[in-house]
Amino acid sequence: MRRIHVGNALSAFGLGFTVPYLYVYVAQVRGLGAMTAGLVLAVFAVAALIVLPFAGRAIVRRGPRPVLLAALVTAAVGALSLGLAGSSTAVLLSAAALGAGQAVMQPALATMIVDCSTADTRSRAFAMQFFLQNLGLGVGGLIGGHLVDSTRVDSFTLLFSIEAAVFLLLAVVMATVRMPHSPRIGDAPAQSVKGSWKQLLGNRAMVQLSVLGFVLFFACYGQFESGLSAYGVEAAGISTSALGTALAANTLMIVVAQFAVLRFVERRRRSRVIAGVGLIWAVAWVLAGYAGLGHGSQEMATAAFVSTYALFGLGEAMLSPTVAPLVADLAPTGMAGQYNSAFALVKQLALAVGPAVGGPLGASLPVPYIVTFLLFSLGITFLALRLGRQLTAVQDQPWLGKSRVVARGGAAAESVVAEA
C-alpha cells in the first residue's frame, strides 16, 4: 500500500509538472498558435474517453499492475515526444499518448488500492490517495513553474524529459509491488467478460452513482479553472493574484482538513455525507454570487471568492473517503477495475463538458451562471439521498459489516459479503 501511495503522488506530480504549461508551450514557445494549443487540450480529454472503456476490461482480465505499467510507459513516451515535437502533428500525437497513459493510471491505481485494502481500511486509503494527489499536483506545478522559461525551448524539453523520467521511475516502483491474489474475470468464462458492461449498466445503484458523479464533477471540478475563474475575473473583478490565492486556499483546505474530515465521515452514512457536500457547495455558490453580484467592497468580494474555493476544498475532502470506496463496494467480485474505469469515464465526460458550458456562461452571464450551479449543488443533495435508498445497509454504512463479523463470527462474514 505504501508503494501504491508513492505511485499516486508521483503520477499527480507528473500531471501538475507539465499540464499547466501546455498551452504556453504549444502556442508560444513552439509557435504553433492558439488553435493547435486548444486542440492539444481537447486531445487529452478525447484520448481519455477512448481508452478508459478498454482499460476497465483490461484491468478486469489482466489485473491492475500490468495495465498500470503499460500506461506509465505510454505516458513516458508521450511526455518525451512532446518535449521534442516541433510540428502540429507530432505535438497532437504526443499529447494523445500522454493523455491516454495518464487517464489509465488512476483507475489502475484505484483498483490496486481496492485489492490491498479491506472494507474497514478502504476509506482511509482513498483519503490518503486524494491527499497525496493534491500534494503531488501542487508540488509539481510549483517546481515546474520555476524550471520553465517561455523564451527557451530547451527549458520545456527538460521539463517533459523529467516528467518522462518520473513515469519510468514510477514503473520501476510499481514493478516491485506484490499484489494479493484477487479474482479476475479472466478466470471465469468469456461470456462474463462480454456481459461486463451490461452487468454494470444493470446495477441501478451504480448507474445512480454515475449520474451523481457526473453532477459532482461538472458542478465543481469542471468549473475551477474555467467558469468560476472567468466569473471571478469578469463579474467580481478578482485579480489574477487573488485567483491564485483562491486556488491555494482550495489546496490548503484539502491538505489541512483531510484527516480531520476523515474521522468525521467514517461513521456516517455515505449517502448523507455526499448530500452534505451538496449543501456546503450550495453555500459556496452563494458566496461566489455575493462576490460578483453583491455591492460590498472589493476586499469583501475577494474574501468571499477565496472562501468559495476553500468550501469546495472542504467538500472534496469529504468526498475522497466516500465516493471511491463506494464504487469499490458496489462492484461484484473481480469487477472493481471495470467499475473504477467506468466511473473515471464519467469523470472525464464531466470535465470535458464542464469548462465548455461554464466558461462562456461565467464570463458573459454571471447571474444565470450562479443560479445554475447553485441548483446543481442542491441537485447533488437530492441525488445522494435518492441513492441512499438503493444501497444496502453495509454499502451505506460499511462499519456495520465489521460489527456483524465481530458479533457473529465467520458465518456472518459470509452473509455480509453476499449482501454487499
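Higher on the page you've got the structure.
Residues numbered from 1 in each chain as written. Predicted model: local features only at pLDDT ≥ 70, side-chain atom pairs only at ≥ 80, totals over all residues. Heavy atoms only, no water.

1. Focus on the overall build of the protein chain
Formally: By definition, any uninterrupted DSSP run of H or I lasting at least four residues is a helix, any uninterrupted run of E lasting at least two residues is a strand, and each is numbered from the N terminus. Only protein chains enter the area calculation, which uses a 1.4 Å probe; residues under 20% of their type maximum are buried, those over 50% are exposed, and those in between are partly exposed. Residue contacts are defined here by distance: any two heavy atoms, one from each residue, within 4.5 Å place the two residues in contact. Asp and Glu are treated as the negative residues and Lys and Arg as the positive ones, with His and the ends of the chain left uncounted. A single reference atom marks each charge: NZ on Lys, CZ on Arg, CG on Asp, CD on Glu.
Helix and strand content of the protein chain: 20 helices and zero strands. Taken along its principal axes, the extent of the C-alpha atoms in the protein chain is 65 × 50 × 35 Å. Residue burial in the protein chain is summarised as follows: out of 420 residues, 52% are buried. In the protein chain, the share of contacts with a sequence separation of at least 24, taken over all contacts with a separation of at least 6, comes to 84%. Of the side chains in the protein chain, 27 bear a positive and 15 a negative charge, and the two mean positions are spaced by 11 Å.

2. Side note on the pattern of salt bridges
Rules: The salt bridge criterion pairs a side-chain nitrogen of Lys or Arg with a carboxyl oxygen of Asp or Glu, the two atoms within 4 Å.
The final tally for this structure, using the stated rule, is five salt bridges. Where Asp329 meets Arg122, a salt bridge forms, and the shortest distance between an N and an O atom there is 3.0 Å. With Asp329 in helix α15 (residues 323-330) and Arg122 in helix α6 (residues 122-147), the pair connects residues that are 207 residues apart, well separated along the chain. Pair check on accessibility: Asp329 and Arg122 agree, each one buried. Taking the shortest distance from any N to any O, the salt bridge between Arg270 and Asp329 comes out at 2.7 Å. Of this pair, Arg270 sits in helix α13 (residues 270-293) while Asp329 is found in helix α15, placing the two residues 59 residues apart along the sequence. An identical accessibility class is assigned to Arg270 and Asp329; each is buried. Each of Arg122, Arg270 and Asp329 takes part in salt bridges that share partners, so that together they form one network.

3. Considering the nonpolar core
Just so we agree on the cut-off: We call a set of buried residues a nonpolar core when its members are Ala, Val, Leu, Ile, Met, Phe, Trp, Tyr or Cys and they connect through side-chain atoms within 4.5 Å of each other.
Residues Leu209, Leu212, Leu228, Trp281 and Phe305 are the most contacted members of the largest nonpolar core, which totals 63 residues. Among the secondary structure elements, those contributing two or more residues to this core are α10 (204-219), α11 (227-234), α12 (240-265), α13, α14 (298-319), α15, α16 (336-364) and α17 (366-388). The residues touching Leu212, leaving out its near neighbours within four places in the chain, are Ile274, Ile380, Leu383, Ala384 and Leu387. Counting 51 residues, the second largest nonpolar core, distinct from the first, contains Ala71, Val148, Val166 and Met174.

4. A short note on the packing of aromatic side chains
Think of a pair of aromatic rings as described by two things: how far the centres are apart, and how the planes are tilted against each other in angle. Applied cut-off: Under the pairing criterion, centres of Phe, Tyr and Trp rings, with the six-membered ring standing for Trp, must be within 6.5 Å; the plane angle then separates stacked pairs below 30 degrees from edge-to-face pairs above 60, leaving the rest tilted. Put simply, a charge is over a ring when the Lys NZ or the Arg CZ is close to the ring centre, within 6 Å, and near the line of the ring normal, within 35 degrees.
Overall, the coordinates contain 15 aromatic pairs when judged by the stated rule. Ring geometry for Phe214 versus Phe218: centroids 5.9 Å apart, planes at 10°, classification stacked. Within this pair, Phe214 and its partner Phe218 are both found in helix α10, separated by four residues, close to a single helical turn. Residue classification places Phe214 among the partly exposed positions, given a relative accessible area of 29%. Counting every residue linked through ring pairs, the aromatic cluster contains Phe214, Phe218, Tyr231, Trp281, Trp285, Phe312, Tyr369, Phe373 and Phe376. Seen from the ring of Phe264, Arg268 lies directly overhead, with NZ or CZ sitting 4.0 Å from the centre.

5. What to know about the side chain of Gln208
Note that Gln208 resides in helix α10. Classification of Gln208 as buried rests on a relative accessible area of 16%. Apart from the residues within four sequence positions on either side, Gln208 is in contact with Arg386, Leu387 and Gln390.

6. Quick look at the packing of α11 against α17
For clarity, the threshold we go by: Here, axes are lines fitted to C-alpha atoms. For helices the fit covers the stretch in contact, and angles between N-to-C directions go from 0 to 180 degrees. Roughly parallel means an angle under 35 degrees; roughly antiparallel means over 145; roughly perpendicular covers 65 to 115; every other angle is labelled oblique. Crossing handedness follows the turn of the near helix against the far one: under a right angle anticlockwise gives a left-handed crossing, and clockwise gives a right-handed one. The classification used treats Ala, Val, Leu, Ile, Met, Phe, Trp, Tyr, Cys and Pro as nonpolar, Asp, Glu, Lys and Arg as charged, and all other residues, Gly among them, as polar.
Remark: α11 packs on α17, axes separated minimally by 11 Å, with the N-to-C direction vectors making an angle of 140°. Of the possible angle classes, the one that applies to α11 and α17 is oblique. In the crossing of α11 with α17, the sense of the turn from one axis to the other is left-handed. Of the residues in α17, those touching α11 at Gly227, Leu228 and Tyr231 are Pro366, Tyr369 and Ile370. Looking at the contact of α11 with α17 residue by residue, the class counts come to five nonpolar, one polar and no charged.

7. A few points about the environment of Ala37
Relative to the helices and strands, Ala37 is located in helix α3 (residues 33-62). Exposure remark for Ala37: the relative accessible area of 1% places this residue in the buried category. Separated by 301 residues in the primary sequence, Ala37 and Gln338 have C-alpha atoms spaced 32 Å apart.

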